[in-house]
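# Structural overview for review
So the chains spell out like this:
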Amino acid sequence: MRGEASEIVLSKQDLHEVTAFAAACAEMALEIFEADQPDDSRPRDAVGAAWEFARGGERGKALRDTASAALKAAKSADTAAAREAAWAAMSAAGAAYLHPLAKATQVKHILGAAAYAARAAELAAGDDRSVAAEHLVRAVHHATPVVIDVLKRFPAAPSGGGRVGELIRLLDADLRSLTFIE
């Protein structure tokens, strides 16, 4: 891989744990999407597929298809909060595809679902930033030592990305500051 970022070793178990974390975080925002689009199960299906992978399933067409469907559901949402919630679900399914490249942009595969879910809750609460902060605290509690270890193998989250990017950077900093006693 000439000219590319160096590779990071990721085991299947690492990917399962990261995806479980993402699914748990995205799950918190499903009701926001479903309040907007009660007959659309695509985000819930994406989170379900993420959980299936996290519990030992394989990456494959079904996982990619549900992520793509959640992205399409975001486009049909009537509110910004519902759109962000669908993106959280899409990100949960996409977490299984974390690339083993030492690039800061890969951090979004790990933390994107949590950040989108926090943004969805924030928007649903009238753009109340304290609501997003509460969601990030919950996300920190969902993070296992394996998730934090995987995160620390990558460079810190990059700049940009608007409010979701800001939430990713806040969560990234919080998780990197944690230490576990073994």
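As a starting point, this report considers the structure included with it. Remember, it's a predicted structure, so these values are computed and weren't measured experimentally.

Before going further, it helps to examine the side chain of Asp 36. Mapped onto the elements, Asp 36 comes out in helix 2 (residues 30-36). Arg 83 provides the closest opposite charge to the buried, salt-bridge-free Asp 36, at an N-O distance of 9.2 Å. A polar atom in the side chain of Asp 36 sits 2.8 Å from the backbone nitrogen of Asp 78. Sequence-distant contacts of Asp 36, defined by excluding residues within four places in its chain, comprise Ala 77, Asp 78, Thr 79 and Ala 82.

The contact between helix 5 (residues 80-94) and helix 6 (residues 107-124) brings their axes to 8 Å, and the two run at 165°. Put simply, helix 5 runs roughly antiparallel to helix 6. For the crossing formed where helix 5 meets helix 6, the hand is left-handed. Of the residues in helix 6, those in contact with Ala 80, Ala 81, Glu 84, Ala 85, Trp 87, Ala 88, Ser 91, Ala 92 and Gly 94 of helix 5 are His 109, Gly 112, Ala 113, Tyr 116, Ala 117, Arg 119, Ala 120, Leu 123 and Ala 124. Of the residues that constitute the contact of helix 5 with helix 6, the class distribution is twelve nonpolar, four polar and two charged.

Quick notes on the rules
- Residue positions within a chain follow its written sequence, with the count starting from 1.
- For this predicted model, a pLDDT threshold of at least 70 governs which residues receive local features, and a threshold of 80 or more governs which side-chain atom pairs are given and counted, while totals over whole chains, interfaces and linings are taken from all residues.
- Calculated side-chain values reflect all of the structure's heavy atoms, with hydrogen atoms and water omitted.
- Helical segments are the DSSP runs of H or I of at least four residues, strand segments are the runs of E of at least two, and each set is numbered from the N terminus.
- Buried residues are those whose accessible area, probed at 1.4 Å on protein chains only, stays under 20% of the maximum for their type, while exposed residues exceed 50% and partly exposed ones sit between those limits.
- Counting rule for charge: Lys and Arg are taken as positive, Asp and Glu as negative, and neither His nor the chain ends is counted.
- Every case where a carboxyl oxygen of Asp or Glu lies within 4 Å of a side-chain nitrogen of Lys or Arg is listed as a salt bridge.
- Within 3.5 Å is the distance limit for a polar contact, defined as a pair of N or O atoms, with the added protein rule that one can donate a hydrogen and the other accept it, and that residues adjacent in sequence qualify only through two side-chain atoms.
- The contact criterion used throughout is that any non-hydrogen atoms of two residues lie within 4.5 Å.
- Orientation is described by axes fitted as lines to C-alpha atoms, over the contacting stretch for helices, and by angles from 0 to 180 degrees between their N-to-C directions.
- Between 65 and 115 degrees an angle is taken as roughly perpendicular, under 35 as roughly parallel, over 145 as roughly antiparallel, and anywhere else as oblique.
- Each crossing gets its handedness from the near helix: less than a right angle anticlockwise from the far helix is left-handed, clockwise is right-handed.
- Gly falls in the polar group here, along with every residue not listed as nonpolar (Ala, Val, Leu, Ile, Met, Phe, Trp, Tyr, Cys, Pro) or charged (Asp, Glu, Lys, Arg).

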